[in-house]
Amino acid sequence: MEGLVLCPANHVPLTPLSFLERAEFVYRRKVALIHGNISYSWQELHGRCVKLASALSDQLGVSPGDFVAAVAPNVPALYELHFGVPMAGAVLAALNTKLDTTTLAQILQKLEAKVIFIHSDFIELVFQALIILQETDKPCLIVLIRDSNNVKEPPISSAPQKILDYETLLEMGQPNFKIVYPKNEFDPISINFTSGSTGMPKGVVYSHRAAYLNAIADIFRYEMGKKHVFLWTVDMFRCNGWCLPWTVAALGGTNICLGEFNGKEILDAIYLHNVTHFCGAPIILTKIADAINTNQLVLPHQVNVTVAGVLPPPEIMTKLEELGFNINHSYGMSEALGPVISMPRKFQDDFSKSNEHANVKIREGIRNIMMEQVDVKDPESMESVPADGKTIGEIMFRGNAMMLGYLKDPSRTEEAFEGGWYRTKDLGIKYPNGYIKLKDRAVDVIKSGGEIISTLEIEGVLIRHPMVLEAAVVARPDDFLGEIPCAFVKLKEGCFVTDQEIIKFCQDWLLDYMVPKIVIFGDLPLNSSGKMQKFILRDKAKAIVQFERMRHNI
């Protein structure tokens, strides 16, 4: 249309770096971050991030597009790196602190990071990974993050190269450094590695634009207001803490960093700092429930907690809700920058609700403001499945808050976005009120005598047994039905129950064809992210069948 232009006056590339600039201007002396005896205002935090960017660029030679890695728990330095690294034009890779040395070495080799920031608790882990790489890769710069709240900081043994102290590095930075804003909002801001539950972790690249939009989406997704206090229980190395480092800055809230934590520390922090929100894996709910004493005071206000994964037993949910927690259950993945679907747990109990308020809340949780479309489709025809609560299809997303692609892996990127949708490879069903229910991973479902069985539904029943600590269900080959459910169960310490008692318990809750025919007790294989490695259990189930067939033939 004549007379219209796109110029710097009406188009500025979107970036979450602007959130910190605004927080420094608007909130200045308001407390931005607390970690033990450390406290920074937004003005102070902004100054530290600018000096960090300056030191990276001017002292360490980090250039736009370089990767900067970090191996650290939720401490102030890791929060600052979420701003300081992209302020230098570089790309942040916050790595899982629970990785084994071999996997960490493989990731570092793929990254070719210019600098690695290492918390003192994980220095030996990273050194061992660097030793594996020293014959094939050139040395990178190492910056040590010391925890001033840790009086028992472990000694550092012989280092493979020179180490620079984090606070010393900041002193080398200039406060008037000119921030390197992205020229294109699709420039990478970070890379996050998947959990690797189905193989080698994939490097998922986020853009400034997607991070900006998802951070705003978080405000609606978690119902966060201007006076929120956010407790860091979700790891910042998981999808950049679900993009919440940038969200908290956008709202000028307060970050509470605990580093490593247990249930009592979470409760104490909530009362001490008037925490309003926290997120993470469902295990944190169990930790909190175990820490509640008989004289526990009701929370001073409602605390919103959002978890992603299989929920603990209902009695734990009830215990926490009675104390004052508002529990939200979410679903997402690294490729979508964290959770996409999120809604109050209480609205998931009955999918046939006629209450329109409940249905609106469900639809709000399914269709967030920054995700254009969420659907369940036939993966072959790409047609939407009927909203009948029973037809199974693949859950797919389409929107602006999605990854750019997988690092150095164009074929997998193309496969993930085939047909113009992100294909989750998760199976689900749709209900008439709009609710989408996850049934299982496509690779995990059990096909038994013409029935499609969700392993997640069986696991949800098993975990309700009072003596069961963990449970996983996989397909076991069967000559007649094709596959049958096989349950692997880890009991709580000091408990004993027979396989037949577990099977009887399941019969009270499940349809006959869903009841596990075999129950195997013992420890369950978990990866570095705490996710179940079902491929190992499938191999074990197949091996047992082969052994039984051989014995029968003998």
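Residues numbered from 1 in each chain as written. Predicted model: local features only at pLDDT ≥ 70, side-chain atom pairs only at ≥ 80, totals over all residues. Heavy atoms only, no water.

## Here's the deal with the overall build of the protein
(1) Moving on: Within the protein, the regular secondary structure consists of 17 helices and 25 strands.
(2) Moving on: Expected size for 554 residues packed as a compact globule is a radius of gyration near 24 Å; at 24 Å, the protein falls within 12% of this value.
(3) Moving on: Per-residue burial over the protein gives 55% buried out of 554 residues.
(4) Moving on: Excluding contacts between residues fewer than 6 apart, the proportion of contacts in the protein whose partners are at least 24 apart in sequence is 69%.
(5) Moving on: In the form shown here, the protein has an accessible surface area of approximately 25,300 Å², with 54% of it arising from carbon and sulfur atoms.
(6) Moving on: For the protein, the centre of its 55 positive side-chain charges and the centre of its 64 negative side-chain charges are spaced 2 Å apart. (Helix = DSSP H or I, 4+ residues; strand = E, 2+ residues; numbered from the N terminus. Rg over C-alpha atoms; globule rule 2.2 N^0.38 Å. Buried < 20%, exposed > 50% of the residue type's maximum accessible area, 1.4 Å probe, protein only. Contact = heavy atoms within 4.5 Å. Areas by Shrake-Rupley, 256 points an atom, 1.4 Å probe, with all protein chains shown as cover. Lys, Arg positive; Asp, Glu negative; His and termini not counted. Charge placed at Lys NZ, Arg CZ, Asp CG, Glu CD.)

## Quick look at the packing of aromatic side chains
(1) Moving on: Throughout the structure, instances matching the rule amount to 10 aromatic pairs.
(2) Moving on: Seen from their ring centres, Tyr-79 and Phe-83 are 5.7 Å apart, and the 50 degrees between their planes marks the pair as tilted. Taken together, the positions of Tyr-79 and Phe-83, both in helix α3 (residues 76-87) and 4 residues apart, correspond to about one turn of that helix. In terms of burial, Tyr-79 and Phe-83 fall into one category: buried.
(3) Moving on: Ring centres of Phe-278 and Phe-325 lie 6.0 Å apart, and the angle between their planes is 90 degrees; on these two criteria the pair is classed as edge-to-face. Taken together, the residues span a long stretch of sequence, with Phe-278 in strand β12 (residues 277-280) and Phe-325 in strand β14 (residues 325-333) at a distance of 47 residues. No difference in accessibility class separates Phe-278 from Phe-325, as the two residues are buried.
(4) Moving on: Across the ring face of Tyr-27, the terminal group of Lys-30 is positioned such that the distance to the ring centre comes to 5.4 Å. (Phe/Tyr/Trp six-rings, centres within 6.5 Å; stacked < 30°, edge-to-face > 60°. Lys NZ or Arg CZ within 6 Å of the ring centre and 35° of its normal.)

## So, the packing of helix α7 (residues 208-221) against helix α9 (residues 244-251)
(1) Moving on: Running from N to C, α7 and α9 point in directions that differ by 65 degrees, and their axes come no closer than 8 Å. On the basis of their axis angle, the class for α7 and α9 is roughly perpendicular. As α7 runs across α9, the sense of the crossing is right-handed. Contacts from Ala-211, Ala-215, Asp-218 and Ile-219 in α7 reach Leu-244, Trp-246, Thr-247 and Leu-251 in α9.
(2) Moving on: Taken together, the residues of the contact of α7 with α9 sort by class into 6 nonpolar, 1 polar and 1 charged. (Axes fitted to C-alpha atoms, helices over the stretch in contact; angles between N-to-C directions. Parallel < 35°, antiparallel > 145°, perpendicular 65-115°, else oblique. Left-handed = near helix turned anticlockwise from the far one by under 90°. Nonpolar A, V, L, I, M, F, W, Y, C, P; charged D, E, K, R; others polar.)

## With respect to the packing of helix α10 (residues 263-273) against helix α11 (residues 283-291)
(1) Moving on: Between α10 and α11, the least distance of the axes is 7 Å, while the angle of their chain directions is 80 degrees. The pairing of α10 with α11 is recorded here as roughly perpendicular in orientation. In contact with Gly-263, Lys-264, Ile-266 and Leu-267 of α10, α11 contributes Ile-284, Lys-287, Ile-288 and Ala-291.
(2) Moving on: For the contact of α10 with α11, a count of residues per class yields 5 nonpolar, 1 polar and 2 charged.

## Concerning α3
(1) Moving on: Here α3 is 12 residues long and its end C-alpha atoms lie 17 Å apart, about the 16 Å a rise of 1.5 Å per residue gives.
(2) Moving on: Most of α3 is tucked away, with 12 of its 12 residues classed as buried.
(3) Moving on: Taken as a whole, α3 has its buried residues at Pro-76, Ala-77, Leu-78, Tyr-79, Glu-80, Leu-81, His-82, Phe-83, Gly-84, Val-85, Pro-86 and Met-87.
(4) Moving on: Looking one or two places after α3, you find Gly-89, whose phi comes out positive at around 85 degrees. (Expected span 1.5 Å × (residues − 1).)

## Section: the environment of Gly-365
(1) Moving on: Relative to the helices and strands, Gly-365 is located in helix α13 (residues 356-366).
(2) Moving on: Using a relative accessible area of 6% as the deciding quantity, one classes Gly-365 as buried.
(3) Moving on: Apart from the residues lying within four places of it in its own chain, the contact partners of Gly-365 are Val-340, Ile-341, Ser-342 and Met-343.

## Topic: a negative patch on the surface
(1) Moving on: There is a patch of like negative charges on the surface, built from Asp-378, Glu-380, Glu-383, Glu-414 and Glu-418.
(2) Moving on: Take Glu-383: its relative accessible area is 54%, and that puts it in the exposed class. (Patch = residues over 30% accessible without salt bridge, like charges linked within 9 Å, V, L, I, M, F, W, Y side chains within 5 Å. Salt bridge = Lys/Arg side-chain N within 4 Å of Asp/Glu carboxyl O.)

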